[in-house]
Amino acid sequence: MAEITYREALKAGLREEMARDKTVFLMGEDIGLNWGGAFKVTKGLAEEFGEDRVRDTPISENTIAGAAVGAAITGLRPVAEIMFGDLITLAMDQVCNQAAKMRYMFGGQTSVPLVIRTVFGGGKNIASHHSQSLESWFMHTPGLKIAVPAFAYDVKGLIKTAIRDPDPVMFFEHKLVYDKKEEVPDEDYTIPFGEASVKREGADVTIWGTFLMVHKALAVAEELAKEGISVEVIDPRTLVPLDKKTLIESVKKTGRLVLVTEETKTGATTAEIAAIVQEEAFDWLDAPIKRVNAPDTPVPFAPSLEEYFIPDEKRIAQAVRDIV
Amino acid sequence: MVSKKTLVELYTRTLKVRLFEEKVWDLFGQNLVPGTLHLYLGQEAVAAGITAAMKDSDWVQSTHRGHGHVIAKGADPKKALAELLGKKTGSCKGKGGSMHITEFDAGVLGATGVVASGLPIAVGAALSSQMKGTNDVVACFFGDGASNNGTFGESLNMAAIWKLPVIWVVENNFYAMGTPIKLTCPSENIAARADGYCTPNVVVDGNNALEVYEAAVEAVKRARDGDGPTLIECKTYRKRGHSRFDPAKYRPKEEAEHWLSRDPVDIIKEIAIKEGAITEKEAEKIRKKLEKEMEEAGKFAVESDYPEPEKALEDVYAEEF
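Keep in mind the model is a prediction, meaning the values are calculated, not measured.

What counts and what doesn't
- Residues numbered from 1 in each chain as written.
- Chains lettered and ligands numbered in written order.
- Predicted model: local features only at pLDDT ≥ 70, side-chain atom pairs only at ≥ 80, totals over all residues.
- Heavy atoms only, no water.
- Helix = DSSP H or I, 4+ residues; strand = E, 2+ residues; numbered from the N terminus.
- Expected span 1.5 Å × (residues − 1).
- Contact = heavy atoms within 4.5 Å.
- 1 Å grid on protein atoms, 1.4 Å probe; cavity = no way out; pocket = protein on both sides within 12 Å on 5 of 7 lines; lining within 4 Å.
- Points joined across faces, edges and corners; volume = space filled by probe spheres on them.
- Nonpolar A, V, L, I, M, F, W, Y, C, P; charged D, E, K, R; others polar.
- Domains from an automatic or database assignment.
- Axes fitted to C-alpha atoms, helices over the stretch in contact; angles between N-to-C directions.
- Left-handed = near helix turned anticlockwise from the far one by under 90°.
- Polar contact = N/O pair within 3.5 Å; in protein donor to acceptor, adjacent residues only side chain to side chain.
- Disulfide = S-S within 2.5 Å.
- Buried < 20%, exposed > 50% of the residue type's maximum accessible area, 1.4 Å probe, protein only.
- Parallel < 35°, antiparallel > 145°, perpendicular 65-115°, else oblique.

A. Spotlight on helix 10 (residues 269–281) of chain A. Helix length check: helix 10 of chain A, at 13 residues, gives a terminal C-alpha distance of 18 Å against a target of 18 Å (1.5 Å per residue), a fit within 8%. Here the buried face of helix 10 of chain A lies against helix 6 (135–139), strand 10 (205–209), strand 12 (238–240), helix 9 (244–254), strand 13 (257–264) and strand 14 (290–294) of chain A.

B. Examining the layout of surface pockets more closely. Computed from the structure, the largest pocket encloses a volume of approximately 600 Å³. Forming the boundary of the largest pocket are 23 residues, of which Met139, Leu239 and Val240 of chain A together with Tyr317 and Phe321 of chain B lie nearest the centre. The residue inventory of the lining of the largest pocket, partitioned by class, reads 13 nonpolar, five polar and five charged. Split by domain, the residues of the lining of the largest pocket number at least three in each of domain 1 (2–184) and domain 2 (197–323) of chain A. Put simply, the second largest pocket is a space of about 390 Å³. His64, Val115, Gly143, Gly145 and Ala146 of chain B are the residues nearest the centre of the second largest pocket, which is lined by 30 residues in total.

C. Representation of the packing of helix 3 (residues 61–72) of chain A against helix 6 (residues 150–161) of chain B in the model. For the pair helix 3 of chain A and helix 6 of chain B, the least separation of the axes is 9 Å and the interaxial angle reads 60 degrees. Read as a crossing pair, helix 3 of chain A and helix 6 of chain B show a hand that is right-handed. In contact with Glu61, Asn62, Thr63 and Ile64 of chain A of helix 3 of chain A, helix 6 of chain B contributes Thr151, Glu154, Ser155 and Met158 of chain B. Among the residues making up the contact of helix 3 of chain A with helix 6 of chain B, the classes are represented as two nonpolar, four polar and two charged.

D. Layout of the interface of chain A and chain B. In this assembly, 43 residues from chain A lie in contact with 41 residues from chain B. Joining chain A to chain B, the criterion identifies 18 residue pairs in polar contact (both at pLDDT 80 or more). Counting residues per element, the ones that place at least two in the side of chain A that touches chain B are strand 2 (24–28), strand 3 (54–56), helix 3, helix 4 (92–99) and helix 5 (102–105) of chain A. Looking at the side of chain A that touches chain B, the element that brings in the most residues is helix 3 of chain A, giving nine residues. Taken together, the residues that form the side of chain A that touches chain B break down as 18 nonpolar, 16 polar and nine charged.

E. Region of interest: the state of the cysteines. Residue and element names in this part refer to chain B. Counting across every chain of the model gives zero disulfides over all chains. In this structure Cys140 is not part of a disulfide, and its nearest cysteine sulfur, from Cys234, lies 12 Å away. On the accessibility criterion, Cys140 (0% relative accessible area) is buried.

F. Structural view of the packing of helix 4 (residues 77–84) of chain B against helix 11 (residues 280–303) of chain B. Residues and elements named next belong to chain B. Contact geometry for helix 4 and helix 11: axes closest at 8 Å, N-to-C directions at 45 degrees. When the interaxial angle is binned, helix 4 and helix 11 end up oblique. As helix 4 runs across helix 11, the sense of the crossing is right-handed. For the pair helix 4 and helix 11, the contacting residues are Pro77, Lys78, Lys79, Leu81 and Ala82 in the first and Glu293, Met294, Ala297, Gly298, Phe300 and Ala301 in the second.

Here is the structure:
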């Protein structure tokens, strides 16, 4: 057990799976020898496993994803990296029409055991094409599973589960959590999909959120505790399958819910969660469900604009105070 | 010259696809086929010639006009027809239909309803073959229209840089739905585009199963020898329109007459007879046998049950959650 970064934990998970199963291989733009991935997640893996299994590709997102599909249905377990989540737009046919639907439209004749890793989120002043949070698009596509790890311990366990899963997994990361550190076991462990993690227990209000917003929610909870407000923080860890049980039980306990993600508000995952909770726990709610999201605009560039765009601790705290 | 046995095989395979499609047309006429249809009638020699050069363990990637690829590769006509009728006994349990007709066990990676989306999948399957060392080859069928899509360039490039065992099979029937290829492609031959990806390419008469076969044999050898992909452009012609209600009136009369007078089944039969591989009588015997097979397949499909409605909820994931 050592304290390592999210990036190192993710790499450790990839490395362990590649060592365990020779059908596992990585492909993507600049993931190999010269660069080690735009966010250095795969740095050193090409040296360790060779350029065949840590495969640099041309800038061809749709064919990267499609080749992963073709490899997956013929016996390999590809982990394809799309450098930025925004660029998955170029691979939507292969992800949403092929990978997601093959098992179904072929009547269960095939499995598509692939993982597509990509990274969402703002905060780096790289503007509208490198900062979006698009996870709800994929939540709207039956056939895909979606992991959204925000912590080092979770990312290692979840990437290993993703690689071993028989279905296509969208494995979403966040730019500003790569350097977050946590104690992570050296040995093999997996985290089942569909099990949320209660990051902090509380009695007065539940905050449900993803990625960097979980970290912000924890800071807010710490602050509000000083005011006598007890906040419970839930990180779903996977959006599909979704752990409704943990969320509903928490809402039944606290009677209040704040949903926080970095997505633009309309049609975000938070909208879906709010709908689920009103369907399944309406009678337990003591206040309206609050949503804290980015505004419905592209992600802006200038630091002053981007800081305004991304939900901050002040806004999250205000949402809690509004309903307590 | 190829063996007599091969000529008989080419005739049989071409005819089998023809008779399958005629059975489909017959069932369609009885209003038993839901949805739309993109018939392979007229293009039979392409699927027959390519698959005759392949092994059972090799793969084909199919398209929205995919019945011919699937049957030529060896799929069970019973399950295929049942699928077209939306029956529970269909190869996809009635979940795919005409545009997703597939039989994995016969070596079909899948038929896709999105034009040009099969090329990347073929790249991946070929990569699988190369990385696992199985030496299997992937034939990826697509139409002239698909060659205008971005995945064409991406996939030809990726297959070439990694020397993947792929055969790109362009079925150039001159029309993307109703748009003539001369309006959307600046060169006379689509094959010319492969030069830019350092991919050996050839143009053949796609109505002549023997010509297609001979090109395929060379391409398969190149792929198995580790020398990478080949593109084979097969010039061919739809006997009917693009889909179920298209009378294809946009095709000039002389052009249509020229191509429709060159029937793929007649062409390979004549070659086989001329080369002494088969007699008219033997050819007729093969036809009768295949007709019987299709008759039985049709009966099986018609008599099969429709899936229970709630089966719509199954097969989304490997395990329900």
